[in-house]
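Coordinate inspection notes
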Amino acid sequence: MPIEAVRRVGVLTALADEGDGAAVALGDVAAHHVRLRSDGLVPAFGAAPSGFVPWRQVRELDADIPATWVPAPAVMDVVGPLLEGVFGGSGSIAETPTFPVRIVADDGARLEWRATPHYLSGYRRRDAAVAARLLAHLVARADARILLSRPHEMLGRLAQILPKT
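Below: a short report on this structure. Predicted model only: the values in this text are computed from it and were never measured.

**With respect to the pairing of strand S11 (residues 110-115)**
Bridge analysis of strand S10 (residues 99-105) against S11 gives six bridges, and the strand direction is antiparallel. Bridge pairing in S11 links Pro 100 to Arg 114. In this antiparallel pair of consecutive strands, S10 and S11, the connection spans four residues, and Gly 108 shows a positive phi of 90°.

**As for empty space enclosed by the protein**
Think of a ball as big as a water molecule: rolled over the atoms, this probe shows where empty space is left. Considering all chains together, one arrives at one cavity of 30 Å³ or more under this definition. As for the largest cavity, its lining consists of Leu 15, Ala 16, Glu 18, Asp 20, Gly 21, Ala 23 and Arg 35.

**Section: the packing of aromatic side chains**
Taken as a whole and judged by the stated rule, the model has one aromatic pair. Seen from their ring centres, Tyr 119 and Tyr 123 are 5.6 Å apart, and the 65° between their planes marks the pair as edge-to-face. Across the pair, exposure class does not vary: Tyr 119 and Tyr 123 are buried alike.

**Let's talk about the sheet that holds S10**
Backbone-to-backbone hydrogen bonds pair the strands of a sheet. The strands run either parallel or antiparallel. Spatially, the three strands line up as an open sheet ordered S8-S10-S11, and their pairing is antiparallel. The open sheet has two free edges, formed respectively by strand S8 (58-63) and S11, since each of these has just one partner strand. Neighbour to neighbour, the strand axes of the sheet diverge by 20° on average, direction disregarded. Examined bridge by bridge, S8 and S10 share five bridges and lie antiparallel to one another. Within S10, the residue paired with Val 58 across the bridge is Ala 105.

**Details of the side chain of His 33**
For His 33, the location among the structural elements is in strand S4 (residues 32-36). Residue classification places His 33 among the buried positions, given a relative accessible area of 0%. Polar side-chain contacts of His 33 include one of 3.0 Å to the backbone oxygen of Ala 31. For His 33, the side chain forms a polar contact with the side chain of Arg 35, separated by 3.1 Å.

What counts and what doesn't
Residues numbered from 1 in each chain as written. Predicted model: local features only at pLDDT ≥ 70, side-chain atom pairs only at ≥ 80, totals over all residues. Heavy atoms only, no water. Pairing = 2+ DSSP bridges. Helix = DSSP H or I, 4+ residues; strand = E, 2+ residues; numbered from the N terminus. 1 Å grid on protein atoms, 1.4 Å probe; cavity = no way out; pocket = protein on both sides within 12 Å on 5 of 7 lines; lining within 4 Å. Points joined across faces, edges and corners; volume = space filled by probe spheres on them. Phe/Tyr/Trp six-rings, centres within 6.5 Å; stacked < 30°, edge-to-face > 60°. Buried < 20%, exposed > 50% of the residue type's maximum accessible area, 1.4 Å probe, protein only. Axes fitted to C-alpha atoms, helices over the stretch in contact; angles between N-to-C directions. Polar contact = N/O pair within 3.5 Å; in protein donor to acceptor, adjacent residues only side chain to side chain.

Any functional reading would require information beyond the geometric quantities listed.
Here it is as structure tokens:
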């Protein structure tokens, strides 16, 4: 069954409830991503979840979200390889890029999951920064995690939820 993505803001995608709860996906839902649910974190490949860490056990959560200065990463992913081909680049990618999502549990255990970006060139810097602030906010504020059960609304209100820095 395909994943129903309702809304996307940069690296974050709102996912409808498919039986195991609504979620915000960090990364490309068609590939490796981490589902941020109101009860915890789930690493997934496509529609297949594989593991679970409840929020009450999460002390730290961060991700090295690739960022770019390019204002339209989707356009760069099309134009970039063309320019590389014209100017003699290899034009090939050895493997699908991923970025790390790191979790430190209350007991000190460290996990590292991988997520696949939507764009080879990365995300706009502001989108990457907002996602990073969201992760920190969810760890720091247990009451904010309930918003993950309404991911479409949460992504719509993201600018209001997170403080400006």
